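# Coordinates in review
Here is what each chain is made of, one letter per residue.
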Amino acid sequence: MHTILAKKQLSPNVTRLDVLAPRIAEIKKPGQFVILRAREGDERIPLTIADADPTQGTIALVIQAVGKSTREIVAMEVCDAIRDISGPLGHPTELISSGRALCVGGGVGTAVVHPIAKALHAQGVQVTSVIGGRAKEWVIFEEELNRLGEVIVCTDDGSHGRKGFVTDAAKEVLEAGGIDVVYAVGPVPMMRAVANLTRPFGVHTIVSLNPVMVDGTGMCGGCRVDVGGETKFACVDGPEFDGHQVDFDLLADRLQTYREFEQRANACADGQCRIRR
Ligand code: NAD
Ligand code: FES
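Here we summarise the structure given alongside this text.

Conventions we followed
Residues numbered from 1 in each chain as written. Chains lettered and ligands numbered in written order. Predicted model: local features only at pLDDT ≥ 70, side-chain atom pairs only at ≥ 80, totals over all residues. Heavy atoms only, no water. Core = buried A, V, L, I, M, F, W, Y, C linked by side-chain atoms within 4.5 Å. Buried < 20%, exposed > 50% of the residue type's maximum accessible area, 1.4 Å probe, protein only. Helix = DSSP H or I, 4+ residues; strand = E, 2+ residues; numbered from the N terminus. Contact = heavy atoms within 4.5 Å. Pairing = 2+ DSSP bridges. Axes fitted to C-alpha atoms, helices over the stretch in contact; angles between N-to-C directions. Arc of directions from axis to C-beta.

Okay, the nonpolar core next. With 35 residues, the main nonpolar core has Leu 102, Val 104, Val 130, Val 182, Leu 209 and Phe 248 as its most contacted residues. Of the residues forming this core, the biggest block, 6 residues, is contributed by helix α6 (residues 188-198). What Leu 102 contacts, discounting residues up to four positions off in sequence, is Thr 128, Val 130, Ala 170, Val 173, Leu 174, Ile 179, Val 181, Val 182 and Tyr 183. Among the nonpolar cores identified, the runner-up in size contains 25 residues, and Val 125, Ile 131, Ile 140 and Tyr 183 belong to it.

Take the sheet that holds strand β7 (residues 84-89) next. Backbone hydrogen bonds hold the strands of a sheet together, and the pairing may be parallel or antiparallel. A sheet is described by the order of its strands in space; here 7 strands give the open sequence β6-β1-β2-β5-β4-β3-β7, paired in antiparallel fashion. Two strands lie at the open edges of the sheet, namely β6 (81-82) and β7, each paired on one side alone. Relative to strand β5 (residues 58-64), strand β4 (residues 45-53) runs antiparallel, the two being bridged by 4 bridges. Bridge assignment links Ile 49 to a residue of β5, and that residue is Leu 61. Helix-sheet contacts for helix α3 (residues 110-122) involve β4 and β5, and the interaxial angle to β4 is about 40°.

Quick look at helix α5 (residues 166-176) now. For α5, the full list of buried residues reads Val 166, Thr 167, Ala 169, Ala 170, Val 173 and Leu 174. Here the buried residues of α5 occupy an arc of 160° about the axis, which is enough to place them on one side. If you follow the buried residues of α5, they end up packed against β8 (100-106), β9 (126-133), β10 (149-155), β11 (162-163), β12 (181-185) and α6. Just downstream of α5 lies Gly 177, where phi reads positive at about 85°.

Now for the sheet that holds β10. Pairing in this open sheet of 7 strands is mixed, and the strands run β11-β10-β9-β8-β12-β13-β16 from one edge to the other. Sheet topology places β11 and β16 (240-242) at the edges, where each strand pairs with a single neighbour. Here β8 pairs with β12 via 5 bridges, running parallel. Each bridged residue has a counterpart across the sheet, and for Ala 101 the counterpart in β12 is Val 181. Along the sheet face, α6 touches β8, β12 and β13 (204-208) and points at about 165° away from the line of β12.

See the structure below:
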């Protein structure tokens, strides 16, 4: 059992839980994730390890409450316990050891960018972060990223930082030159836009993919994606891939597959279930 030691609301539908998981906190690397089940028989949810404190034995999980299961997890309180957490899973991030990196985080994806920026900073890489949200209250991890280098904040409505998408600010950083690698995590349209933006600059671009996952061990095939014309399993071959090689259309299509089931599960959880038995 993994006790929740701290809980913090980061944005209107994003919650941070600091959870006891000493073994994972000790060995996890940036870019890796866990799969958790809140209770016996619950859905398995993949979540990036946004931070870890090996001394306290805790890992930070950042959860966007979008479906029935994620809403149930964020309803848990400090001292409640999560039934099981498997991990760390996936390949660690391919980190450069010197030079300058641009980290682009869109919405809740900024929580995934944070451990990457932290690891780059620890190796002496100069980090510039461009992070964005719909409005001020949707911007997360700004304070933490500020400790690691320059941060440019963008909001869709201009209520905080610059008005516009993260790609607008990222374009200016790339035009100024000197960027060796770009790491981008966020909604699929954002990662696709960043990959399209960096291609003419010839800058290596790493994206973290979030297809539907079930087992997280390469057995079920649920997380398959197309990278460079080859089928890859995001859980064991990724979750990070070369953004210039990813088939984003297929990823977006596959993410829609269970939308109807999710809407139904949400409706049932709200007591509006109309399924005939
Ligand atoms: P959002 O839709 O509010 O967008 C966040 C920011 O991303 C925007 O403010 C904007 O700056 C940028 N953005 C969005 N669309 C863009 C576009 N077409 N071009 C350029 N920039 C764009 O984000 P959200 O609601 O926090 O994120 C939700 C999505 O992120 C979900 O679909 C979720 O599955 C995905 N997600 C992905 C990962 C991952 O590992 N890739 C992790 C967590 C969540
Ligand atoms: Fe089952 Fe990746 S989640 S193969």
